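# Structural characterization, general
So you can see what is in the structure, the chains are spelled out below.
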Amino acid sequence: MTVCRDCCCGSLRKHPSVDHDGQLRALRDALEPEHRVRTSLCLDACTQSNVIVVQPDPLARRDGARPVWFGLVLDDQVLGDLVTWVRAGGPGVTPIPAVLELSVISPPEK
């Protein structure tokens, strides 16, 4: 899992009511060490901040699964739904729950 934390994502200036450090801590507490949670500089999806990208595990990737991008991850409910989905297998293993489909975004064009 990659958590964007740069110019907009993780910014108190843009999202003053979000505990950005708390979000990251909650993800790490819930998922590590079984799943790697890392931060990234800008992922170029600033209009959809906070952005999280969930990568498939290596076996699912070999079978064609691709990373899933989530935007507007601003509350604990979405964060909890993401954790539950990742623990259940994530991309290519477990279908994205309908509630999370609402947060799926397209990756930025290169």
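Structural notes, computed from the coordinates. Every chain is numbered independently, its residues counted from 1 as its sequence is written. In view of the model being predicted, local features appear only for residues whose pLDDT reaches at least 70, and side-chain atom pairs are presented and counted only at 80 or more, with totals across whole chains, interfaces and linings using the full set of residues. Where side-chain values are given, they derive from all heavy atoms of the structure, hydrogens and water being excluded.

Attention now goes to the packing of helix 1 (residues 20-31) against helix 3 (residues 76-87). A pair of packed helices is characterised by two quantities: the angle between their axes and the separation of those axes. Fitting a line to C-alpha atoms yields each axis, with helices limited to the stretch in contact; the angle taken between N-to-C directions then spans 0 to 180 degrees. In DSSP terms, a helix is any run of H or I states spanning at least four residues, a strand is any run of E spanning at least two, and both are numbered starting from the N terminus. It is at 11 Å that the axes of helix 1 and helix 3 come closest, and there the two elements cross at 25 degrees. Classified by the angle their axes make, helix 1 and helix 3 are roughly parallel. Handedness of the crossing formed by helix 1 with helix 3: right-handed. Note on element contacts: helix 3 touches helix 1 through Leu79, Val83, Val86 and Arg87, opposite Gln23, Ala26, Leu27, Ala30 and Leu31. The residue classification treats Ala, Val, Leu, Ile, Met, Phe, Trp, Tyr, Cys and Pro as nonpolar and Asp, Glu, Lys and Arg as charged. All others, Gly included, are polar. For the contact of helix 1 with helix 3, the per-class residue count stands at seven nonpolar, one polar and one charged. Any angle between 65 and 115 degrees counts as roughly perpendicular, while under 35 counts as roughly parallel, over 145 as roughly antiparallel, and the rest as oblique. Here a crossing is taken to be left-handed if its near helix is turned anticlockwise relative to the far helix by less than a right angle, and right-handed if that turn runs clockwise. Any two residues whose heavy atoms approach within 4.5 Å are treated as being in contact.

Moving on, we come to the environment of Arg62. The residue Arg62 is located in helix 2 (residues 58-62) in this model. When a residue's accessible area, from a 1.4 Å probe over protein chains only, is under 20% of the maximum for its type it is buried; when over 50% it is exposed; and in between it is partly exposed. Overall, the relative accessible area of 62% leaves Arg62 in the exposed class. The spatial distance from the C-alpha of Arg62 to the C-alpha of Ser17 is 40 Å, given a sequence separation of 45 residues.

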